[in-house]
Amino acid sequence: MGNTMIKVNHLSKAFGDLEVLRDINMEVSEGEVVCIIGPSGSGKSTFLRCINQLETPTSGEVLYKGENICDSTADIRKFREEVGMVFQRFNLFPLKTVLGNVTMAPVLTKHRNKSEAKEIGMELLKKVGLENKAHVMPSTLSGGQQQRVAIARALAMEPAALLFDEPTSALDPELVGEVLNVMKDLAKEGMTMIVVTHEMAFARDVADRVIFMADGYVVEEGPAKQVMENPKEERTKTFLSRFLNQ
Amino acid sequence: MGIDLELLQTIGPMLFRGLKVTMEIAVIGILLGFILGSLCGYALQGRNKIAKGIANLYVWIMRGTPIVVQALYVYFVVPEIIGLIKGERMVLDPTLAGILVITLNAGAFISQLVRGALDSVDIGQKEAGASLGLSKMQIMIHIIIPPAFRSIIPSLFNQFIISVKDTALLSMISVNEITRQTQNFVMRTYKTIPGYTVCAIFYLVLLSVLMIVQKLVEKKIASK
Ligand SMILES: Nc1ncnc2c1ncn2[C@@H]1O[C@H](COP(=O)(O)OP(=O)(O)OP(=O)(O)O)[C@@H](O)[C@H]1O
Ligand SMILES: [Mg+2]
C-alpha cells in the first residue's frame, strides 16, 4: 500500500437543520479499496459527494495529496479530473453514442485530439467488454452495460482514484455480477477506490478496508475481513445479520 | 362575383408578393426571436437578479399587451420618441417594424420554453459532467443545451406557425404581407367576397403545408 492519497478530517455536513454527517475522519492510501456500508439514509452518498465537492461540506477538510480541496482557492476541476465518480443511476449523456460518452471529457479537459481519444476509448470499452457497442446510443443498453460504459467514461480521464456510489443498486440482480467483475479487475490492477455498496460479498472479498456508517457517524472501521466477519460494534452486528438473513 | 381566371391572374401575383414578405418577416422574426428568447430564458433560470428582472419585465409587457398595440407602438410611437430625442423626423420601414414586433413577441414566448428546457435537464447528467472535471461553461454547452434544444424544437416550430399568422396583423402598419395585399386588391376592385375567400384559402394552404412539415419534424425527433 502506498502513500496517503485522500484524507478526510472532521468532515460535517448539514442540510439546514438536518445533520447528515458528523465529524467523519478517513484516510485512503494509494491502491487501497475502501468499501462504505451502512443503512439507508446514514449519509454514505452525501459523504462521497462531499469528497469531490458535489456537496459543499459544512465544516472539515478533504485533503488530496496534502492539498485541501475544500479551500476556495483549490482547483476543484483538477481534482475531479484525477478522482472520477460512478453514479448509482449511471448518468450517461443520452444524446451521445457510447463512445461519445467516453471520449467527451478527455477531449474537452485534456485537449486530447479526437482520434487519439477514440482509440483510448475503444481500448476502455474493450476492457469493460463493450467494444461492439461503441456506436450505439446508451438508451439501447441494459443497466449493467450502461454502468460499464459509465466506468469506462470515468477511466478515460486516467484517474488516480474512483468513487462509486452504489454502482449496482439500480440493476436487476442478474446484471450485478458483470459490473462487480469490472470493479474487481480494477481493484486487482491497483486502482484506488472508495465504494459505497450494499454488496456485502464484494466488500468482504475485494475491499482492503470496510467502513460502517450509521446516522452520519463512522461506527466502525477496520480490515474488511474483520469488520465483515467479526464486527466489534453492536450496530454493525445487527446491520450485517439483517443482510445475512435476507 | 365568382372566382374566375381573370381574378386569379390579378390577385395571384399580389398574394405571392405578400407571401414573400410574410415569410421573410416570420423567418427572420423567429430566428432573432430564438436568439432573444434564448438569452432571456437563460437569464430567467440563472442567478443574476438584474438580468432576471429585465427578462421578467420584458415577458410581462409582451404577454400583457395585444400584438396589434405592440405593432402600432413600434411603428408610430418609437420613431416619434427617437425623433423627439434626436430632434429630427424619423420614419421606420414597415417591414423592419414588423420584424421587430414578431421578434419581440416570439422571443417572449421562446424565453419561457428555454427556461423550462434548461431547468428540466436531468441533474444527474450535470453532476456527471462536473465529476469529469468539466467547467460550468462546458457543462452548459455540451451537456445541458443539446437535450434542452432538442426538447423545444416542436414548440419552436409551433411558435413559427403562430408568428406566420401574426404577420397578418402587420397589415395595420402597412406592411405589404398577404393580408395587406388582399386589402389593396379589394379596395381597388370592390371584389370583397372572392378577394378575401382566395386570401383565406391561400393562408389555409400555406399553414397546412407548415403543419405537415411540423408533423414530419416531430416524427423525426421522436424516432431518434
Ligand atoms: N440535497 C439534500 N437536501 C436535504 N437533505 C438531503 C439531501 N441529500 C441527502 N439528504 C438527506 O441526508 C440523509 C443522508 O442521505 P444520503 O443519501 O447520504 O444517505 P445514504 O446513506 O446514501 O442512503 P441510501 O443507502 O439510501 O443511498 C438523508 O436523510 C437524506 O434525506
Ligand atoms: Mg446513497
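Definitions and limits used
- Residues numbered from 1 in each chain as written.
- Chains lettered and ligands numbered in written order.
- Predicted model: local features only at pLDDT ≥ 70, side-chain atom pairs only at ≥ 80, totals over all residues.
- Heavy atoms only, no water.
- Helix = DSSP H or I, 4+ residues; strand = E, 2+ residues; numbered from the N terminus.
- Buried < 20%, exposed > 50% of the residue type's maximum accessible area, 1.4 Å probe, protein only.
- Contact = heavy atoms within 4.5 Å.
- Polar contact = N/O pair within 3.5 Å; in protein donor to acceptor, adjacent residues only side chain to side chain.
- Pairing = 2+ DSSP bridges.
- Right-handed = clockwise from strand over helix to strand, strands pointing away.
- Core = buried A, V, L, I, M, F, W, Y, C linked by side-chain atoms within 4.5 Å.
- Buried area = accessible area lost by both parts, 1.4 Å probe.
- Salt bridge = Lys/Arg side-chain N within 4 Å of Asp/Glu carboxyl O.
- Nonpolar A, V, L, I, M, F, W, Y, C, P; charged D, E, K, R; others polar.

Draft legend 1. Quick peek at unusual backbone geometry. One non-glycine residue with positive phi stands out, namely Lys65 of chain A, at about 50 degrees. Mapped onto the elements, Lys65 of chain A comes out in the loop between β4 (59-64) and β5 (67-68). Located in the positive-phi region is Tyr190 of chain B, a residue other than glycine, with phi close to 60 degrees. Mapping Tyr190 of chain B onto the fold places it in the loop between α7 (178-189) and α8 (192-223). Here Tyr190 of chain B falls in the exposed class, since its relative accessible area comes to 70%.

Draft legend 2. Representation of the environment of Lys7 of chain A within the structure. Residue and element names in this part refer to chain A. Residue placement: Lys7 occurs in strand β1 (residues 4-15). Residue class for Lys7 comes out partly exposed when judged on its relative accessible area of 28%. Between the C-alpha atom of Lys7 and that of Ile51, which follows or precedes it by 44 residues, the distance is 9.4 Å. Setting aside its immediate chain neighbours within four residues, Lys7 contacts Met26, Glu27, Glu61, Val62 and Leu63. Separated by 3.1 Å, the side chains of Lys7 and Asn9 make a polar contact.

Draft legend 3. Spatial organisation of the sheet that holds β5 of chain A. Residues and elements named next belong to chain A. Spatially, β2-β1-β4-β5 is the arrangement adopted by the 4 strands of the open sheet, whose pairing is antiparallel. The sheet is open, and its two borders are formed by β2 (18-29) and β5, each paired with just one other strand. The pairing of β1 with β4 spans 5 bridges and is classified as antiparallel. Looking at the pairing, Lys7 lines up with Leu63 of β4.

Draft legend 4. A look at the pairing of strand β7 (residues 161-165) of chain A. Residue and element names in this part refer to chain A. In terms of burial, β7 is a largely internal element, 5 of the 5 residues being buried. Every second residue of β7 is oriented toward a common face, with Ala161, Leu163 and Asp165 on one face and Leu162 and Phe164 on the other, all of them buried. Direction of pairing for strand β6 (residues 83-86) relative to β7: parallel, over a ladder of 4 bridges. Among the inter-strand pairings, Val86 is bridged to a residue of β7, identified as Phe164. Sheet topology places β7 next to strand β8 (residues 192-196); 5 bridges connect them, and they run parallel. The residue bridging Leu163 from the neighbouring strand is Ile194, located in β8. Crossover handedness for the path β7 to helix α6 (residues 173-188) to β8: right-handed.

Draft legend 5. Here's a closer look at the nonpolar core. If you look at the biggest cluster of nonpolar residues, it comprises 75 residues, and the most contacted ones within it are Ile6, Phe47, Ile51 and Ile194 of chain A. No other element matches the 11 residues that helix α6 (residues 136-166) of chain B contributes to this core. Ranked by size, the runner-up nonpolar core spans 49 residues in total, among them Val86, Met191, Met193 and Ala203 of chain A.

Draft legend 6. Seen up close, the interface of chain B and chain A. Residue-level contacts link 18 residues of chain B with 23 residues of chain A. Each partner contributes to the roughly 1600 Å² buried at the junction of chain B and chain A, and carbon and sulfur atoms together form 66% of this total. In terms of surface lost to chain A, no three residues of chain B exceed Glu127, Ser131 and Leu132 of chain B, which account for 36% of the buried area on that side. Across the chain B-chain A interface, the total number found is 1 salt bridge. In this structure, Arg49 of chain A and Glu127 of chain B form a salt bridge, with 2.7 Å as the shortest nitrogen-oxygen distance. Across the contact surface, chain B and chain A share 4 residue pairs in polar contact (both at pLDDT 80 or more). Where the side of chain B that touches chain A is concerned, the elements lending two or more residues are α5 (123-131) and α6 of chain B. If you tally residues by element for the side of chain B that touches chain A, the top one is α5 of chain B, at 7 residues. Across the side of chain B that touches chain A, the residue classes break down as 7 nonpolar, 8 polar and 3 charged.

Draft legend 7. Structural context of the pattern of salt bridges. All names here are of chain A. Under the counting rule described, the total for this entry stands at 12 salt bridges over all chains. Between Glu82 and Lys78 there is a salt bridge, with the nearest N and O atoms lying 3.4 Å from each other. Placement of the pair is Glu82 and Lys78 together in helix α2 (residues 76-82), with a separation of 4 residues, close to one helical turn. One salt bridge in this structure joins Arg148 and Glu178, with 2.9 Å as the shortest N-O distance. Linking Arg148 in helix α5 (residues 143-155) with Glu178 in helix α6, this pair joins segments that are 30 residues apart in sequence. Overall, Glu178 belongs to the partly exposed group, its relative accessible area being 24%. What you see here is one network of salt bridges that share partners, running through Glu32, Arg209 and Glu221.

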